[in-house]
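# Survey of secondary and tertiary structure
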Amino acid sequence: MTLVIAAKAACFPSQLEDRISKGFRAVEIITFEDQLRHSFESIQKILRNYSDSLEFTSIHTPSELTISEAIDEDYRKRGLSCLEKVVRLAAETDCKHVVFHAFQSIPKLRKIYEMNSLRDRAFQKCVEGIQSLICLCEDLAVTLCLENINACIHHNQVLYLIFSASPDDLLRVVKEVNSDLLRLCFDVAHAQNTCNVIMQNPEMKAFFNIDKLTPEGFCELVIDHTDLIHLSDSKDTIAGKGTDNLPLGEGEIDFRKVLKPILAKEFSPIVLEMDESDVNNAINMVKSREFLSRIIADLRSR
């Protein structure tokens, strides 16, 4: 199988033209809530215009939204509404995969039994949300991909994400939904963050009930249920600007180790998710593609 290396891009001609000019033939489209609400027809038109030039490996729902929020019901409904719109958008553009988040965040750690109770509620909300869209996905031949999330982020404040950061949460959802239309998206940088948090935060380690975890170990646990790989570098225990979505080689991830189970499965596609100082000039993704190609060539030669 030929490995497809895709770039992320928002649905704007300037970004899509840039990715084409840099030799990318496949992209994951990232979306924004306002865009889905007010410019849906415009998104459809742009994607149709580029359908002959680019393969759309996947479309990502707005990253700040979740379908598993157990405290703020309006927030959860916003996430679910956007997910439904993206499923319809994917079907109209011959894209087979939709990536979404299902997290539960809290600003301060609580007692373990309190966090587990909230985690269970988030699990139920996640499963209910997915099940509400399975028939639509079946009709439109679109597969949902639940992405593992960071365990700790900085978004205006430090937040702990107590659902969908661990492999146990992901596998529990897959088992409960029990549908071929639900798969996983494995984000390597998010996995690195979770591993760092488990190693350095005793409270989160106790909560997740995981003694030790590595990104490659995380990958091996979920790879059989995975359809997409997100690749970027990361470092430290709080994901945010300067620590998350870094170019490959600028963080802490040992890509030789983490790519072994991926290559063993002849996995494709891999989506590069580096942040760029100029979103219309994906130089970090180009450098990371070269970095990735060198490592893959070396691993395959052994």
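Whatever comes next refers back to the structure up there.
Conventions used here
- Residues numbered from 1 in each chain as written.
- Predicted model: local features only at pLDDT ≥ 70, side-chain atom pairs only at ≥ 80, totals over all residues.
- Heavy atoms only, no water.
- Helix = DSSP H or I, 4+ residues; strand = E, 2+ residues; numbered from the N terminus.
- Buried < 20%, exposed > 50% of the residue type's maximum accessible area, 1.4 Å probe, protein only.
- Contact = heavy atoms within 4.5 Å.
- Areas by Shrake-Rupley, 256 points an atom, 1.4 Å probe, with all protein chains shown as cover.
- Lys, Arg positive; Asp, Glu negative; His and termini not counted.
- Charge placed at Lys NZ, Arg CZ, Asp CG, Glu CD.
- Pairing = 2+ DSSP bridges.
- Axes fitted to C-alpha atoms, helices over the stretch in contact; angles between N-to-C directions.
- Parallel < 35°, antiparallel > 145°, perpendicular 65-115°, else oblique.
- Left-handed = near helix turned anticlockwise from the far one by under 90°.
- Nonpolar A, V, L, I, M, F, W, Y, C, P; charged D, E, K, R; others polar.
- Right-handed = clockwise from strand over helix to strand, strands pointing away.
- Core = buried A, V, L, I, M, F, W, Y, C linked by side-chain atoms within 4.5 Å.

Here we come to the overall build of the chain. Counting its secondary structure elements, the chain contains 11 helices and 11 strands. Projecting the C-alpha coordinates of the chain onto the three principal axes gives extents of approximately 50 × 45 × 35 Å. With 302 residues in all, the chain has 57% of them scored as buried. In the chain, the share of contacts with a sequence separation of at least 24, taken over all contacts with a separation of at least 6, comes to 75%. On the chain, roughly 13300 Å² of surface is accessible, and the fraction owed to carbon and sulfur atoms is 46%. The centroid of the 35 positive side-chain charges in the chain is displaced by 2 Å from the centroid of its 46 negative side-chain charges.

Read around the closed barrel, the eight strands follow the order β1-β2-β3-β4-β6-β9-β10-β11; overall the barrel is parallel. Put simply, the sheet's adjacent strands are angled 30° from each other on average, direction ignored. Where strand β1 (residues 5-10) lies against strand β11 (residues 270-272), three bridges are found, and the strand directions are parallel. Bridging from a neighbouring strand, Ala6 pairs with Val271 of β11.

Interhelical geometry of helix α9 (residues 215-222) versus helix α10 (residues 255-264) gives an angle of 15° and a closest axis separation of 8 Å. Considered as vectors, α9 and α10 are oriented roughly parallel to each other. Of the two elements, α9 crosses α10, and the hand of that crossing is right-handed. Contacts from Pro215, Glu216, Cys219 and Glu220 in α9 reach Lys257, Val258, Pro261 and Ile262 in α10. By residue class, the composition of the contact of α9 with α10 is five nonpolar, no polar and three charged.

A few words now on the packing of helix α4 (residues 73-92) against helix α5 (residues 112-140). Two elements in contact, α4 and α5, have axes separated by 11 Å at closest approach and are oriented at 20°. The angle between α4 and α5 places the two elements in the roughly parallel class. Classified by chirality, the crossing of α5 by α4 is right-handed. Residue-level inspection shows Glu73, Arg76, Leu80, Leu83, Glu84, Val87, Arg88 and Ala91 of α4 in contact with α5, the latter providing Lys125, Gly129, Ser132, Leu133, Leu136, Cys137 and Leu140. The residue makeup of the contact of α4 with α5, split by class, is eight nonpolar, two polar and five charged.

Alternating positions in strand β4 (residues 97-100) separate into two faces, His97 and Val99 on one and Val98 and Phe100 on the other, with burial throughout. Summarising the sheet, strand β3 (residues 55-60) and β4 pair through two bridges and their orientation is parallel. By the bridge assignment, His60 is partnered in β4 with Val99. Taking the sense of rotation as the criterion, the β-α-β connection linking β3, α4 and β4 turns out right-handed. Pairing between β4 and strand β6 (residues 143-147): four bridges, direction parallel. Directly across from Val99, in β6, lies its bridge partner Cys145.

Relative to the helices and strands, Val174 resides in helix α6 (residues 167-177). For Val174, a relative accessible area of 14% translates into the label buried. Setting aside residues no more than four positions away along its own chain, Val174 makes contact with Leu182, Leu184 and His225.

Attention now goes to the nonpolar core. Formed by 104 residues in total, the largest nonpolar core has its most connected members in Ile130 and Leu259. Ranked by residue count, the leading element in this core is α5, at 11 residues. When near neighbours in sequence (up to four residues on either side) are disregarded, Leu259 contacts Ile270, Leu292, Ile295, Ile296 and Leu299.

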